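Architecture and fold: a report
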Amino acid sequence: MEKINDNLFLWISSLSLLGGGMNAFAILQFALTASHITGSITRISTDLIYNDMAHFQIMLGLVCSFFFGAIISGIIVGSGRDFELRKRYGDTFIFIGVLLKLIDHYIYGKLMFVYVLAFALGVQNGLFIRYKGMVIRTTHMTGTVTDLGVVIGHYLKGNREITWKIKYYAMNILSFITGGLIVGLGFKHLGREILDYMSIAYIVSGIYYFLLRYKYYKMKR
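Treat the numbers as computed from the prediction; the structure is a model and nothing was measured.

Our next topic: the packing of aromatic side chains. Counted according to the given criterion, the structure contains 15 aromatic pairs. Between the aromatic rings of Phe9 and Tyr168, the centroid separation amounts to 5.3 Å while the plane-to-plane angle is 65°, which identifies the pairing as edge-to-face. Taken together, the residues span a long stretch of sequence, with Phe9 in helix α1 (residues 2-30) and Tyr168 in helix α7 (residues 163-190) at a distance of 159 residues. Note on Tyr108 and Phe113: the rings are 5.4 Å apart at their centroids and 75° apart in plane angle, and the pair reads as edge-to-face. Residue classification places Phe113 among the buried positions, given a relative accessible area of 0%. These aromatic residues form a ring-pair network of at least three members: Trp11, Tyr89, Phe93, Tyr202, Tyr209 and Phe210.

We now examine the nonpolar core. Residues Trp11 and Leu117 are the most contacted members of the largest nonpolar core, which totals 59 residues. What Leu117 contacts, discounting residues up to four positions off in sequence, is Met22, Phe25, Ala26, Ala34, Leu100 and Ile103.

What follows is about the pattern of salt bridges. Considering all chains together, one arrives at 3 salt bridges under this definition. A salt bridge links Asp196 to Lys101, with the shortest nitrogen-to-oxygen separation between them at 2.7 Å. Placement of the pair is Asp196 in helix α8 (residues 194-220) and Lys101 in helix α4 (residues 89-106), with a sequence separation of 95 residues.

The contact between α4 and helix α5 (residues 111-125) brings their axes to 10 Å, and the two run at 175°. By the angle between their directions, the pair α4 and α5 is classed as roughly antiparallel. Residues Thr92, Phe93, Phe95, Ile96, Leu99, Leu100, Ile103 and Asp104 of α4 touch α5, and the partners they reach there are Phe113, Val116, Leu117, Phe119, Ala120, Val123 and Gln124.

Looking now at α7. For α7, which comprises 28 residues, the first-to-last C-alpha distance of 40 Å matches the rise-based estimate of 40 Å (1.5 Å per residue) to within 8%. What α7 keeps buried is the set Ile166, Tyr168, Tyr169, Asn172, Ile173, Ser175, Phe176, Gly179, Val183 and Gly186. Just downstream of α7, Gly191 is the residue with a positive phi angle, here 65°.

With that settled, the discussion passes to the environment of Phe68. In this structure, Phe68 sits in helix α3 (residues 53-77). For Phe68, a relative accessible area of 46% translates into the label partly exposed.

Next up on the list: the side chain of Asn7. Among the structural elements, Asn7 can be located in helix α1. Under the relative-accessibility criterion, Asn7 is labelled buried at 13%. Contact partners of Asn7, with chain neighbours within four places excluded, come to Tyr208 and Leu212.

So, about the side chain of Thr144. As for its placement among the helices and strands, Thr144 is situated in helix α6 (residues 142-156). For Thr144, the contacting residues outside a window of four places in its chain are Arg137, Tyr169, Asn172 and Ile173.

Another aspect to go through is the packing of α3 against α5. Where α3 meets α5, the axes come as close as 6 Å, and the angle between the chain directions of the two elements is 35°. Regarding α3 and α5, the two cross each other, and that crossing is right-handed. On the side of α3, the interface is formed by Gln57, Ile58, Gly61, Leu62, Ser65, Phe66, Phe68, Gly69, Ala70, Ile72 and Ser73, while α5 contributes Leu111, Val114, Tyr115, Ala118, Phe119, Leu121, Gly122, Val123 and Asn125. Residues of the contact of α3 with α5, tallied by class, amount to 13 nonpolar, 7 polar and no charged.

Turning next to unusual backbone geometry. Generally, phi is negative for residues other than glycine and the peptide bonds are trans, each holding for most cases. One non-glycine residue with positive phi stands out, namely Ala31, at about 55°. As for its position among the elements, Ala31 is in the loop between α1 and α2 (37-49). Among the residues examined, Ala31 registers a relative accessible area of 65% and is labelled exposed. Even without glycine at this site, Asn51 takes up a positive phi of about 55°. Since its relative accessible area comes to 58%, Asn51 is described here as exposed.

Quick notes on the rules
- Residues numbered from 1 in each chain as written.
- Predicted model: local features only at pLDDT ≥ 70, side-chain atom pairs only at ≥ 80, totals over all residues.
- Heavy atoms only, no water.
- Phe/Tyr/Trp six-rings, centres within 6.5 Å; stacked < 30°, edge-to-face > 60°.
- Helix = DSSP H or I, 4+ residues; strand = E, 2+ residues; numbered from the N terminus.
- Buried < 20%, exposed > 50% of the residue type's maximum accessible area, 1.4 Å probe, protein only.
- Core = buried A, V, L, I, M, F, W, Y, C linked by side-chain atoms within 4.5 Å.
- Contact = heavy atoms within 4.5 Å.
- Salt bridge = Lys/Arg side-chain N within 4 Å of Asp/Glu carboxyl O.
- Axes fitted to C-alpha atoms, helices over the stretch in contact; angles between N-to-C directions.
- Parallel < 35°, antiparallel > 145°, perpendicular 65-115°, else oblique.
- Expected span 1.5 Å × (residues − 1).
- Left-handed = near helix turned anticlockwise from the far one by under 90°.
- Nonpolar A, V, L, I, M, F, W, Y, C, P; charged D, E, K, R; others polar.

See the structure below:
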């Protein structure tokens, strides 16, 4: 079972890497964040105050796209708040990979493109993933940085049993940063071609999940 947990940890880290890469691409191409909905909602408020309707529409589009992605995630994965390897997480990431390829071909460079990125990240963030009892989000790091700070505080108070949590949260943040670095370098040298690699990476992550699920159920027999 420990081997399965290690493989699951690797899979989750890869999702954080992909989430960081997707958001980096949105920033580099459109100067917009596709996954940080808190900031977008705040900008909706300030745009209304200053009557910036053009920017208001963009922010509202991002929030609605992310929200709709979460709805689709709920439809694909199904009900329940427990993470189970029998659920269709693999299908979801293969879907995102194919979606990236389609939008690259048909709507690259248009504003609708970043809305689809926000939608895809909403789908990804809608997955209820647990690792050793911890709820995991892989498209933004606000909660992860908070959790890391809290467990470090517990550690400083003398709780040495949570050292593994510190390592996990730190690794998750590092994976997200690495995704941004990889896509940033790829965008600098390859331009839009980096999307092909992102698409393939999402499809591979879905296939890896199916292999992980197969090993898990084979071990339980």
